[in-house]
Amino acid sequence: WDPSAFAAVVACKEGKFEGNGLAVAVCLLLPLVFAALIAKVVIFVLSFAFGVLTARRAAPGAAMARGALLAIFATQSDDIGLGYPVLKAIFKAEAPILFVLSALQSLVLNPAAYVLLGFAKARAGEQHGGDAKKRHPLRTALGALSELRRNMLVWAVVAGLAYRLSLGPTLPATLDQVTELLGSP
């Protein structure tokens, strides 16, 4: 727990955030992050619904798989590669917000899509005789959630978040030098 973060929230609520960089980030950038995340969730849901509705005559599970893949394709924009240089040219200080959005995408939307793909896989297996009887939806959901344990994309984001929360924003000196060399022109 970081007491300066709490002080930044209090300063933001009181309108006294000049000179306090963390308060500026909390007051101005956090609403932007949540607005972008809400927009991505809306696009995710609409894309999933469109994918399911346009594949209604498909085999069981195929419509859900199509919807989940369409939702991933619609929300997985190139925020970092394409958006970062553009945002940095226009709003220099706010450009790092894209890294937060990318992490939230990996923690919220991608696992949701993976669970939907797990449901689609289970439904397709039921149709093709994979199970003798239809599985309970809760059991299917738990099976799809357990698949997330083996997903390295989810683990990478969790490991990065755990590192940041436990050791702070700086890298060890050796790793910092390596990343500096990799990032230099």
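Residues numbered from 1 in each chain as written. Predicted model: local features only at pLDDT ≥ 70, side-chain atom pairs only at ≥ 80, totals over all residues. Heavy atoms only, no water.

A.B. asks: Is there a simple way to think about the overall build of the protein chain in this case?
C.D. replies: Counting its secondary structure elements, the protein chain contains eight helices and zero strands. Secondary structure of the protein chain in N-to-C order comes out as α-α-α-α-α-α-α-α. Within the protein chain, residue pairs in contact and separated by at least 24 positions form 52% of the contacts whose partners lie at least 6 positions apart. In the structure as shown, the protein chain presents an accessible area of about 12600 Å², 69% of it carried by carbon and sulfur atoms. (Helix = DSSP H or I, 4+ residues; strand = E, 2+ residues; numbered from the N terminus. Contact = heavy atoms within 4.5 Å. Areas by Shrake-Rupley, 256 points an atom, 1.4 Å probe, with all protein chains shown as cover.)

A.B. asks: Before we go on, may I ask you to explain a nonpolar patch on the surface in this structure?
C.D. replies: Among the surface-exposed residues, Val41, Val45, Leu107, Val108, Met152, Trp155, Val158, Leu161 and Leu165 lie close enough to one another that they form a single nonpolar patch of about 810 Å² accessible area. Those elements giving two or more residues to the nonpolar patch turn out to be helix H2 (21-53), helix H5 (97-127) and helix H7 (152-167). Counting residues per element, the nonpolar patch draws most heavily on H7, at five residues. Considering the arrangement of structural elements, one finds Leu165 in helix H7. (Patch = residues over 30% accessible without salt bridge, like charges linked within 9 Å, V, L, I, M, F, W, Y side chains within 5 Å. Salt bridge = Lys/Arg side-chain N within 4 Å of Asp/Glu carboxyl O.)

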